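One letter stands for each residue in the lines below.
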Amino acid sequence: MPVTITAPRLLTGRLDHAPGWVRLNGGTVVTAGPGAPPEPADLELPTGVLAPGLVDAQLNGAFGVDVAGAEEDAWAAMLRRLPTTGVTAVVPTVITAPLPALLADLHRSRRVRARLAAERGLARALPLHVEGPFLAERRRGAHPLEHLIDPTPAAVDALLAAGADGALGYLTLAPERAGALAAVRRLVEAGVSVSVGHSDADQATVHAAADAGATLVTHLFNAQRPLGHRDPGVVGAALVDDRLTCGLIVDGDHVLPAAVRVAFSCKPEQIMLVTDAMAALGMPPGRYLLGGREVVVRAGGPPRLPDGTLAGAAGRLDDAIGLTVAAGVGLQQAVEAATRVPADALRQSHLGRLEPGCAADLVWLAADGDHPLRARATWIGGVVAHDDGLPVAAPPTPVKER
């Protein structure tokens, strides 16, 4: 049954309508436009902005669930609650571990995603992101040193075999490791995207990785060789290479506002907001797991290993949009960085936009207490998956008797 929704402001992924409307039918977008709709609205949002559902391209866990080793019930519990943050599609992520454990995670993710695909109300689980184990020791962050290895042909082939049939979406590696550029080419030929991250590479090596087919950068600024005026490093190369889309963690801890503005100024169409969240997202302070390792979360602070090393994050993606706007980035650009840009970077062009034929995944962002932009309602495939104050649907137009 077709449904028309109006809002004071509608962001389609490319266009900004104030006001605007969108029409949904059968789980897809039929059309959208500015002003008043051609037919009476079924739902009129009184405030805020209606946008495509948020796409989180890097999530290690949430709501007490660590993706590494998680089984079907845990995945379902996490995916069921993610729409409360506006997320309608997510890339589950596993970090460095012994290679057999990573292979097991890939096999498990294929099985779990197939079983949960038809369940309503769950965020869409996209192919897995494997972050490691081919990372630089010096820039490893919370990744365990003892499990870092070079990307040998045997190791890469093992990951590709376990990640066949689309189970492996992208892999993060340090391109300066022995055999890494050959690994990039092998992965890309097999249909797997490659991201530069946890790397101490110089500018030339990052460009060489892009020459080999790398298209992403994992959490820009964090755990990578920084920008220097005589040594541009990973950050400098990432900001000037138009072939690379950069993930950015905007949670108030990982990247400060000035750096957020620099990133968006350099790459206005190629910054994607990611949470890099771990199991502590949506949970109280305490102890949680990241890749099986214990992480401590104290009130008001980010997740850290017992030695103080940052270990993932615990921020929400809707809050990241608000913090990005507070840093001086326009709302349309900030929303697109959490919708269309990651969808395109992940080769999921049916997501992240409200255009004819695209998935009817939407989020209503509006003020909620101290938060200027929070997910007040979320739709997945045209069905409400989260409702925190939707107005009562408009009554049907009465039919006059003849």
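Structure first, text after, so check above.
Given the structure is predicted, the values throughout are model-derived calculations rather than measurements. (Residues numbered from 1 in each chain as written. Predicted model: local features only at pLDDT ≥ 70, side-chain atom pairs only at ≥ 80, totals over all residues. Heavy atoms only, no water.)

A. How the structure looks around the overall build of the protein. Of the regular secondary structure elements, the protein holds 10 helices and 23 strands. For 402 residues, the compact-globule estimate of 2.2 N^0.38 gives 21 Å, and the protein sits close to it at 21 Å. Here the C-alpha coordinates of the protein stretch approximately 80 × 45 × 45 Å along the principal axes. Within the protein, the fraction of its 402 residues that count as buried is 55%. Restricting to contacts in the protein with at least 6 residues of sequence separation, those with at least 24 account for 68%. Here the protein displays about 15900 Å² of accessible surface, and carbon together with sulfur accounts for 54% of that area. (Helix = DSSP H or I, 4+ residues; strand = E, 2+ residues; numbered from the N terminus. Rg over C-alpha atoms; globule rule 2.2 N^0.38 Å. Buried < 20%, exposed > 50% of the residue type's maximum accessible area, 1.4 Å probe, protein only. Contact = heavy atoms within 4.5 Å. Areas by Shrake-Rupley, 256 points an atom, 1.4 Å probe, with all protein chains shown as cover.)

B. Representation of the packing of aromatic side chains. Under the definition given, this model contains zero aromatic pairs. Across from the ring centre of Trp364, 5.5 Å away, lies the NZ or CZ of Arg376, which sits over that ring. (Phe/Tyr/Trp six-rings, centres within 6.5 Å; stacked < 30°, edge-to-face > 60°. Lys NZ or Arg CZ within 6 Å of the ring centre and 35° of its normal.)

C. Summary view of the environment of Val65. With respect to the element layout, Val65 can be found in strand S10 (residues 65–66). Counting along the chain gives 96 residues from Val65 to Ala161, while the straight-line C-alpha distance between them is 26 Å. Residues in contact with Val65, not counting those within four places in the same chain, are Asn60, Ala70, Ala74, Met78 and Ala279.

D. Structural view of the sheet that holds strand S5 (residues 28–34). In spatial order, the strands read S5-S4-S1-S6; together these four strands make up an open sheet with mixed pairing. Lying at the two open borders of the sheet, with one neighbouring strand each, are S5 and strand S6 (43–44). Where strand S1 (residues 3–7) lies against strand S4 (residues 20–25), five bridges are found, and the strand directions are antiparallel. Looking across to S4, one finds that Ala7 is bridged to Gly20. (Pairing = 2+ DSSP bridges.)

E. Focus on helix H4 (residues 180–189). The set of residues buried in H4 consists of Ala180, Ala183, Val184 and Leu187. An end-on view of H4 places all buried positions within 105° of arc, on one side of the element. Looking at the buried positions of H4, the neighbouring elements they touch are helix H3 (153–162), strand S14 (168–173), strand S15 (193–196) and helix H5 (203–212). Where H4 terminates, the next one or two residues include Gly191, which has phi positive at roughly 90°. (Arc of directions from axis to C-beta.)

F. Seen up close, the pattern of salt bridges. Under the counting rule described, the total for this entry stands at 25 salt bridges. The closest approach of N and O atoms between Arg124 and Asp361, which form a salt bridge, is 2.7 Å. Note that Arg124 is positioned in strand S12 (residues 124–125) and Asp361 in the loop between helix H10 (340–345) and strand S21 (362–368), a separation of 237 residues in sequence. Classification of Asp361 as buried rests on a relative accessible area of 5%. (Salt bridge = Lys/Arg side-chain N within 4 Å of Asp/Glu carboxyl O.)

G. Examining the nonpolar core more closely. Grouped together as the largest cluster of nonpolar side chains are 83 residues, with contacts concentrated most on Leu79, Leu82, Leu220 and Ile321. Other than its neighbours up to four places away in sequence, Ile321 contacts Leu54, Leu273, Leu331, Ala334, Val335, Ala338, Leu365 and Leu373. (Core = buried A, V, L, I, M, F, W, Y, C linked by side-chain atoms within 4.5 Å.)

H. Geometry of the environment of Asp319. Note on placement: Asp319 falls in helix H8 (residues 317–326). When its relative accessible area of 18% is taken as the criterion, Asp319 is described as buried. As for Asp319 and Gly86, which are separated by 233 residues in sequence, their C-alpha atoms are 9.7 Å apart. Beyond its immediate stretch of four places on either side in the chain, Asp319 contacts His371, Leu373 and Arg374.

I. Just the pairing of strand S17 (residues 245–249), in detail. Of all five residues in S17, five are buried; the element is thus mostly enclosed. Judged by which residues are buried, S17 turns out to be covered on both faces: Thr245, Gly247 and Ile249 on one side and Cys246 and Leu248 on the other are all buried. Examined bridge by bridge, strand S16 (residues 216–217) and S17 share two bridges and lie parallel to one another. Each residue of the ladder has a partner; that of Leu216, found in S17, is Thr245. Assessed by its sense of winding, the connection that carries the chain from S16 through helix H6 (residues 233–240) to S17 is right-handed. Pairing of S17 with strand S18 (residues 271–274), which is carried by four bridges, proceeds in the parallel orientation. Directly across from Cys246, in S18, lies its bridge partner Ile271. Remark: the S17/helix H7 (residues 257–266)/S18 crossover connection has right-handed handedness. (Right-handed = clockwise from strand over helix to strand, strands pointing away.)

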